[in-house]
Amino acid sequence: MSGRQIGDVILDLQHISLRFGGVKALTDISFDVREHEVRAIIGPNGAGKSSMLNVINGVYHPQEGRITFRGEERRKMEPHMAAMQGISRTFQNIALFKGMTVLDNVMTGRITKMKATFIEQALFFGRAHREEMEHRKKVEEVIDFLEIQHIRKTPVGRLPYGLQKRVELARALAAEPSMLLLDEPMAGMNVEEKQDMCRFILDVNDQFGTTIVLIEHDMGVVMDISDRVVVLDYGKKIGDGTPDEVRSNEEVIRAYLGTGH
Amino acid sequence: MLYREAGQFKASYAADQQIFPIRQDRVGVLLLLAVAFVVVPMFASEYWLKGILIQFLVFSLAALGLNILTGYAGQLSLGSAAFMAVGAFASYNFMLRIDGMPLLLAFALGGLMAALVGIAFGLPSLRIKGFYLAVATLAAQFFIVWILTKVSWFSNDSSSGVITAQDMVIFGYKFASPQAKYLLVLAIVAIMALMAKNMARSSVGRAWMAVRDMDVAAEVIGIRIMYSKLLAFAVSSFYCGVAGALYAYAYLGTVEPEGFNLDLSFKILFMIIIGGVGSIMGSFLGAAFIVLLPIFLDVLVQDVFTGMLPPSIASNLQLMVFGGLIIFFLIVEPHGLARLWQIAKEKLRLWPFPH
Ligand SMILES: Nc1ncnc2c1ncn2[C@@H]1O[C@H](COP(=O)(O)OP(=O)(O)OP(=O)(O)O)[C@@H](O)[C@H]1O
Ligand SMILES: [Mg+2]
């Protein structure tokens, strides 16, 4: 790891339980995330990993539990509020805006920072024009950072899978988040693409100090890039600690590592 | 001059974000505007101005309105004609009941009333999508026409709800000649089209498209879905409302609520399907196509194939051709004429070396 300093707890989850009808997706889960760290969530299929991310950014509302973000306990929070507070994410199944170009997709990432009203935008005058230029500049920086300049004007629907994943990361980064939630950013990628993605994630963490919560199936990757790991199984937490601690945890080995993942 | 972007380097984001980044396109559009504003009023016959061009412009504006809602924001609507009716009847009443009401303000207020009604009927879109939403807008279509017919106050107690639009006077000048009417409509439509384009390339437009393409992700990014959808209904209905006012004041003169029936709503929907869903230019192409096709077919039947087609086919030719075209575009080219035009331009850009 680099010279970045891991800070205090920025997100604290206490006794989170989430049910869908009779299905217990999450049961009494507690863990925290520290500022600037890379925190991985692992577990077999259906363990509740994606649900956990959805709880963090307000897509799902747990029936029980407390969530404290930046020292403030939050009640029911809608996703756009989470975005306002600096939480961005990518999705397990790519959720790009298919009909729009790469540039437009990434520009949407800055939408919470745009203040001009739609009337100003219709006249494309004053603040609307100025904002468009300022944000374009920022977006171009992200595009350069992720090395996708050449596909800037391409509709995302036409891009191969690996590049789409990268564009999705670009869209999340464009918001300059303080916390980035990544749901299996490397799933379905070939080795080179995975290496690129790993490099980008570490660079983001290192250069911008972004706190990262990451779901990943590739154990090699997880052990390489994360500071601490939470292990879920059937909606319960069965392990929590540094990669080495988790790797030697009996229960984890039985539930997860042993199954050939 | 060849159609090329070679040698046109963009030194700033402002230059890259122009409406028409390629110089030849800019020149083309300016030429088109010059022709529309100067050449057409000088040379076009009264029949063309009154019968075809004004109608074309009004329908373009309505199609633009529907395209904002359906093409950009992804909310299907079968109520466009009803929102046009609200615009027409509201403008009429503002003119009628408020002394000294300026004409353009009456049109704008007519549009605003349509926007309010649009928001009301857009509320179901917060819960339902696609087919079910289309049915909800269908209810708006029938309800609005019904209430405008039923409540005679709206038509100043005329029989069967017919209204006769007041004269169009702005600053003492009466827009009575076909040329004057045409230019007034053209100016309004050109300005509103420019505003639509500006919205489409700004964050409102991106928010609409984001909600259209993937609403969960849009919300997670920080887009307020409810605001975005209702704004699309409002802006779209505003455009339809102004189009309705122009339809009554500049094109028909006299109109009844039934003039804004479901047939008209479908006609506008066909315009955007044929012209191009989610394209400003497509709205114009589609309107031109649907206004001109019947005229073209009439000429074909009467002058070219005189007496050769059995009357049963001749009288239904229009419906058959429309039906065929709609199916063609839905299946083969969902992005309509606008997309075909774009493909042609892309080919031209590379011509004569296509690699
Ligand atoms: N919206 C929902 N409605 C009903 N059940 C759900 C919903 N979302 C998740 N679940 C259920 O919650 C459980 C956990 O699912 P989740 O997607 O969080 O697992 P996961 O760990 O991300 O799995 P995977 O590795 O397959 O992505 C599953 O049983 C799933 O069926
Ligand atoms: Mg998952």
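Residues numbered from 1 in each chain as written. Chains lettered and ligands numbered in written order. Predicted model: local features only at pLDDT ≥ 70, side-chain atom pairs only at ≥ 80, totals over all residues. Heavy atoms only, no water.

Some details on the side chain of Ser155(B)
For step 1, the next point in the chain: Of note, Ser155(B) is situated in the loop between α6 (130–150) and β1 (163–164).
For step 2, the next point in the chain: Residues contacting Ser155(B), with those up to four places away along its chain left out, are Phe89(B), Tyr92(B), Gly161(B), Val162(B) and Ile163(B). (Helix = DSSP H or I, 4+ residues; strand = E, 2+ residues; numbered from the N terminus. Contact = heavy atoms within 4.5 Å.)

Focus: the sheet that holds strand β5 (residues 72–74) of chain A
Residues and elements named next belong to chain A.
For step 1, the next point in the chain: The sheet built from 4 strands is open, its strands ordered β2-β1-β4-β5 with antiparallel pairing. Each end of this open sheet is capped by a strand with a single partner; those strands are β2 (23–34) and β5. Averaged over neighbouring strand pairs, the angle between their axes works out to 20° when direction is ignored.
For step 2, the next point in the chain: Judged from the 8 bridges that link them, strand β1 (residues 9–20) and β2 form a sheet pairing that is antiparallel. Of the residues in β2, the one forming a bridge with Leu13 is Phe31. (Pairing = 2+ DSSP bridges. Axes fitted to C-alpha atoms, helices over the stretch in contact; angles between N-to-C directions.)

Section: the domain arrangement of chain A
Residues and elements named next belong to chain A.
For step 1, the next point in the chain: Domain parsing of chain A yields domain 1 (1–86 + 177–261) and domain 2 (96–176).
For step 2, the next point in the chain: A separation of 26 Å is found between the C-alpha centroids of domain 1 and domain 2.
For step 3, the next point in the chain: The partner domain 2 presents 13 residues to the 21 residues of domain 1 that form the contact.
For step 4, the next point in the chain: In this assembly, domain 1 packs against domain 2 so that about 1,300 Å² is buried in total across both faces, 72% of it on carbon and sulfur atoms.
For step 5, the next point in the chain: On the domain 1 side of the contact with domain 2, Pro177, Met197 and Phe200 bury the most area, a combined 38% of that side's loss. (Domains from an automatic or database assignment. Buried area = accessible area lost by both parts, 1.4 Å probe.)

A word on the sheet that holds strand β9 (residues 228–233) of chain A
Within a beta sheet, neighbouring strands are joined by backbone hydrogen bonds and run either parallel or antiparallel to one another.
All names here are of chain A.
For step 1, the next point in the chain: If you trace the 6 strands from one edge of the open sheet to the other, you get β6-β7-β8-β3-β9-β10, paired in mixed fashion. Strands at the two margins of the open sheet, each flanked by one partner only, are β6 (87–89) and β10 (236–241). Each strand axis lies, on average, 15° off the axis of its neighbour in the sheet, ignoring direction.
For step 2, the next point in the chain: Judged from the 5 bridges that link them, strand β7 (residues 179–183) and strand β8 (residues 211–215) form a sheet pairing that is parallel. Note on β8: the bridge partner recorded for Leu180 is Ile212.

So, the pattern of salt bridges
All names here are of chain A.
For step 1, the next point in the chain: Enumeration over the complete set of coordinates arrives at 25 salt bridges over all chains.
For step 2, the next point in the chain: For the salt bridge of Arg89 with Asp183, the shortest nitrogen-to-oxygen distance reads 3.8 Å. Linking Arg89 in strand β6 with Asp183 in strand β7, this pair joins segments that are 94 residues apart in sequence.
For step 3, the next point in the chain: Between Lys138 and Glu141 there is a salt bridge whose closest N-O contact spans 3.3 Å. Taken together, the positions of Lys138 and Glu141, both in helix α5 (residues 127–145) and 3 residues apart, correspond to about one turn of that helix.
For step 4, the next point in the chain: A single network of salt bridges, built from pairs that share partners, joins Asp32, Glu37, Arg39, Arg228, Lys237 and Asp240. (Salt bridge = Lys/Arg side-chain N within 4 Å of Asp/Glu carboxyl O.)

Digging into the coordination of the magnesium ion (ligand 2)
Residue and element names in this part refer to chain A.
For step 1, the next point in the chain: Summarising the metal site, the magnesium ion (ligand 2) is bound by the protein donors Ser50 (OG) and Gln92 (OE1), whose distances to it range over 1.9 to 2.1 Å. Pair noted here: Ser50 is in helix α1 (residues 49–56) and Gln92 is in the loop between β6 and α3 (102–108), with a separation of 42 residues, a long-range link.
For step 2, the next point in the chain: With relative accessibility at 32%, the residue Gln92 sits in the partly exposed group. (Donors = N, O, S within 2.8 Å, 3.2 Å for Na, K, Ca; no water. Buried < 20%, exposed > 50% of the residue type's maximum accessible area, 1.4 Å probe, protein only.)

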